[in-house]
Amino acid sequence: MKNPVWQQELAGAVRQSDTLCTLLDLDPGQFPVPPGVDRFPLRVPRGYIARMTPGDPCDPLLLQVLPRPAEAVVSAGYMLDPVGDQKARVAAGVLHKYHDRLLLMPTGVCPIHCRYCFRRHFPHERFDWHSALTYLATHGEIQEVILSGGDPLLLSDARLVDLLKRLETIPHLRRLRIHTRVPVVLPERVNDTLCSLLGRSKLSVIMVLHSNHANEWNDPVRYACTRLAHVGVVLFNQSVLLCGINDRAEILIALSEALFKAKVIPYYLHLFDPVQGAAHFAVPVVAAVPMMDALRTYLPGYLVPRLVRECVGAPSKMTIS
Ligand SMILES: *Cc1c(COP(=O)(O)O)cnc(C)c1O
Ligand code: SF4
């Protein structure tokens, strides 16, 4: 049987800086590949590249994916595990940080490699269903399972069917949340099978997308989101505040407007987590707070995300503004 369209698109993703530069009419010599990058190599689907502006070395989508020499800089205070994931690990691929929410990482694979990713050094292990379900079954306080990763929507339809079926056997579970960048970077994945699978679940299904810039939104992405909304999936978005990419109020305003057009509500704007090799993306909190004031001035309250930071050991994400 032929692979589904989305798997073909994923297989054709660009994995070399040279190729990416050439596709965008940029001189590859301008972007030397930093040493050690092969541990977190470039990966970007062609449909995402098509939304970049050729000839612009500062394109906000390009800067999210292109390895730059600054990644080799070792900065004090920047860590391999900036959010304390290892301390929250309760089983293979399972994190329990917050009271009623359990985070599962059924895959370590992503459709795109974001250079600022706080899990870029994460030692993904083989997910063990048995221990995850045992933990879930014995912790009655858990009402929500969050699938994260990696990107859970890269699992095959068959694996997702299996996963939902198992989760639906847990009587105290009410909600299933999927943290994913797939509808934004690989909208072909949101196909009939996925929509009907999510639409018929007896759990309430929430999707938290990850988009950082309005230029990421085109017709196929909007169509994917509208389809998900149509089958009853509640859609939110989280962004990361990134230097040189979305650290101006007007860019964040345009993003909120683009989200709403696709039936997506802004949820979190994350202050950058200090992950080693990505210090050049950090925006200081003193610059972020006035931006949030501007957002509140120019947008209705429901289109203003919460500016949050993750603090190791805290009982929830910390709201800054
Ligand atoms: C962020 C996060 C959650 C979800 O937190 P919400 O504030 O509910 O979005 C859950 N578990 C882990 C481990 C997280 O990092
Ligand atoms: S898709 Fe998410 S988990 Fe994967 S590299 Fe990007 S930010 Fe990290």
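Shown above is the structure to which this text applies.
Attention in this report is confined to the structure presented alongside it. Keep in mind that this is a model prediction, so the values were computed, not measured. (Residues numbered from 1 in each chain as written. Chains lettered and ligands numbered in written order. Predicted model: local features only at pLDDT ≥ 70, side-chain atom pairs only at ≥ 80, totals over all residues. Heavy atoms only, no water.)

**A word on the overall build of the chain**
We count it as follows: Only DSSP runs of H or I covering at least 4 residues are called helices, and only runs of E covering at least 2 are called strands; the numbering of each starts at the N terminus. This radius of gyration counts C-alpha atoms alone. The globule rule is 2.2 Å times how many residues there are, raised to the power 0.38. Only protein chains enter the accessibility calculation, which uses a 1.4 Å probe; a residue whose area is less than 20% of its type maximum is buried, one above 50% is exposed, and one in between is partly exposed. It only takes one pair of heavy atoms within 4.5 Å for two residues to be counted as in contact. Each accessible area is a Shrake-Rupley result for a 1.4 Å probe, and residues are judged covered by the shown protein chains and nothing else. Here Asp and Glu are counted as negative and Lys and Arg as positive; His is not counted, and neither are the chain ends. Lysine's charge is taken at NZ, arginine's at CZ, aspartate's at CG and glutamate's at CD.
Scanning the chain for helices and strands turns up eleven helices and ten strands. Here the C-alpha atoms of the chain give a radius of gyration of 19 Å, agreeing with the 20 Å that 2.2 N^0.38 yields for 321 residues. Taking all 321 residues of the chain together, the buried fraction comes to 54%. Taking all contacts inside the chain whose residues are at least 6 apart in sequence as the whole, residues at least 24 apart take part in 81%. If you sum the accessible surface of the chain, you get close to 14,000 Å²; carbon and sulfur atoms cover 56% of it. When the 34 positive and 29 negative side-chain charges of the chain are each reduced to one mean point, those points stand 5 Å apart.

**Re the packing of aromatic side chains**
We count it as follows: Working definition: rings of Phe, Tyr and Trp (its six-membered ring) pair if their centres are within 6.5 Å, and the pair is stacked with planes under 30 degrees apart, edge-to-face with planes over 60 apart, and tilted otherwise.
In this structure the tally under the stated criterion is six aromatic pairs. Taken together, a centroid distance of 4.9 Å and an interplanar angle of 85° make the contact between F127 and W129 edge-to-face. On the numbers, 3.9 Å between centres and 20° between planes, the contact of Y267 with Y268 is stacked. Overall, Y267 belongs to the buried group, its relative accessible area being 17%.

**Some details on the site of ligand 1**
Our working rule: Consider each residue's heavy atoms; a residue with any of them within 4 Å of a molecule or strand counts as near. Counting of polar contacts relies on pairs of N or O atoms within 3.5 Å, with two restrictions inside protein: one atom must be capable of donating a hydrogen and the other of accepting it, and residues adjacent in sequence are counted only when both atoms are side-chain atoms.
The environment of ligand 1 is made up of K97, Y98, R101, L103, I146, R177, Y267, Y268, E310 and K317. Here an oxygen atom of ligand 1 sits 3.0 Å away from a polar atom, N or O, in the side chain of K317. Within the complex, 93% of the 380 Å² of free accessible area of ligand 1 lies under protein. Every element with two or more residues in the shell around ligand 1 is listed here: β2 (94-98), β3 (101-104) and β8 (265-270).

**As for the packing of helix α10 (residues 249-261) against helix α11 (residues 285-298)**
Our working definition: Axes here mean lines fitted to C-alpha atoms, for a helix over just the part in contact, with angles spanning 0 to 180 degrees between N-to-C directions. Put simply, angles under 35 degrees are roughly parallel, angles over 145 are roughly antiparallel, angles from 65 to 115 are roughly perpendicular, and the rest are oblique. Rotating anticlockwise by less than a right angle from the far helix to the near helix defines a left-handed crossing, while the corresponding clockwise rotation defines a right-handed one.
The interhelical angle for the contact between α10 and α11, taken along N-to-C directions, is 45°, at an axis separation of 9 Å. One element, α10, and the other, α11, form an angle in the oblique class. With respect to the hand of their crossing, α10 and α11 are arranged in right-handed fashion. On α11, the residues that touch A249, L252 and I253 of α10 are M291, A294, L295 and Y298.

**Digging into unusual backbone geometry**
G149 connects to G150 through a cis peptide bond whose omega is 15°. On the secondary structure map, G150 appears in the loop between β4 (144-147) and α6 (157-167). Notably, D25 is not glycine yet its phi reads approximately 55°, a positive angle. Looking at D25, the relative accessible area reads 62%, which means it is exposed. At K263, a residue that is not glycine, the phi angle is positive and equals roughly 70°.

**Remarks on the environment of R15**
Position of R15 relative to the elements: it lies in the loop between α1 (5-11) and α2 (17-23). Between the C-alpha atom of R15 and that of V44, which follows or precedes it by 29 residues, the distance is 6.8 Å. Once residues lying within four places of it in the same chain are set aside, the contact partners of R15 are L10, L42 and R43.

**What to know about helix α8 (residues 192-199)**
Selection criterion: This arc corresponds to the set of directions leading from the helix axis out to the C-beta atoms.
Buried residues of α8: L194, C195, L197 and L198, and no others. The buried residues of α8 occupy an angular sector of 165° when projected down its axis, which confines them to one face. Check the buried side of α8 and you find it contacts α6, β5 (175-180), β6 (204-210) and α9 (219-230).

**Let's talk about the site of ligand 2**
What counts here: Residue classes follow a fixed rule: Ala, Val, Leu, Ile, Met, Phe, Trp, Tyr, Cys and Pro count as nonpolar, while Asp, Glu, Lys and Arg count as charged, and any other residue, Gly among them, counts as polar.
Taken together, the neighbourhood of ligand 2 is formed by C110, I112, C114, C117, R181 and H210. Here the residues of the shell around ligand 2 sort into four nonpolar, one polar and one charged.

**Some thoughts on the sheet that holds β2**
This is how it is decided: DSSP calls a pair of strands paired once it identifies at least 2 bridges connecting them.
Strand order in the open sheet formed by ten strands is β1-β2-β3-β4-β5-β6-β7-β8-β9-β10, and the pairing between neighbours is mixed. Sheet topology places β1 (89-91) and β10 (318-319) at the edges, where each strand pairs with a single neighbour. Relative to β8, strand β7 (residues 234-240) is paired through five bridges, and the arrangement is parallel. Looking at β8, one finds that F236 is bridged to I265. Contacts between helix α5 (residues 129-137) and the sheet are confined to β1, β2, β3 and β4, with β3 contributing the most and set at about 180° to the helix.

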